[in-house]
Amino acid sequence: MTEPTHFESSATAVPFGEFRIARTEQEGAVVVEVAGDVDTTTAPALVQAADEALAEQPPVLVVDLSRVEFLASPGLTALLTIHRNAGTGTAVRIVASGRATLRPIQLTGLEESLSLFPTREAALAGS
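Okay, so let's go over this structure. Since the structure is predicted, the reported quantities are computational estimates derived from the model, not experimental observations. (Residues numbered from 1 in each chain as written. Predicted model: local features only at pLDDT ≥ 70, side-chain atom pairs only at ≥ 80, totals over all residues. Heavy atoms only, no water.)

Describing helix H1 (residues 43–54)
Compared with an ideal rise of 1.5 Å per residue, which puts 12 residues at 16 Å, H1 spans 16 Å between its outermost C-alpha atoms and is within 8% of the ideal. Buried residues of H1: Ala43, Leu46, Val47, Ala49, Ala50, Ala53 and Leu54, and no others. Seen from one end, H1 has its buried residues packed into an arc of 165°, which puts them on one side. (Helix = DSSP H or I, 4+ residues; strand = E, 2+ residues; numbered from the N terminus. Expected span 1.5 Å × (residues − 1). Buried < 20%, exposed > 50% of the residue type's maximum accessible area, 1.4 Å probe, protein only. Arc of directions from axis to C-beta.)

Considering the pattern of salt bridges
Scanning the model with the defined rule gives six salt bridges in all. Between Glu56 and Arg23 there is a salt bridge, with its nearest N and O atoms 2.7 Å apart. Residue Glu56 is found in the loop between H1 and strand E5 (60–71), and its partner Arg23 is found in strand E3 (residues 17–26); the two are separated by 33 residues along the sequence. When its relative accessible area of 47% is taken as the criterion, Glu56 is described as partly exposed. Members of the salt-bridge network, linked through shared partners, are Glu33, Asp64, Arg67 and Arg120. (Salt bridge = Lys/Arg side-chain N within 4 Å of Asp/Glu carboxyl O.)

Focus: helix H2 (residues 73–86)
The end-to-end C-alpha distance of H2, which contains 14 residues, comes to 20 Å, matching closely the 20 Å that a straight helix rising 1.5 Å per residue would cover. Regarding H2, the residues found buried are Gly75, Leu76, Ala78, Leu79, Thr81, Ile82 and Ala86. Looking at the buried side of H2, the elements it contacts are strand E4 (29–38), H1, E5, strand E6 (91–95) and helix H3 (102–107). Count one or two residues on from H2 and you reach Gly87, which has phi positive near 70°. (Contact = heavy atoms within 4.5 Å.)

Encoded structure:
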């Protein structure tokens, strides 16, 4: 098992708090962890972070939304964009279990298009 490596972007100030993206490598996968609100202001940073990870063509990209407090429609669009940008060589797995993240995904029917997992561990295991 390889040691996780860690990269954290600087915080982007948003009106109601902070938005953070941290990137780690775990069990052969790249994990992009997001904290704060994913909205019009911050969704492009999420796509950029995921695209940078996808450029390395990892077998698995986990987008961990467990620390997201608000997921607006631009955030949902960002998730679809990440999924589309991954191509066939990378499995994109989304961690969404809280009301702030899972509910908007379900209400829009996107659970049919995205691979959702309740925890990071489940996403890494693919189960």
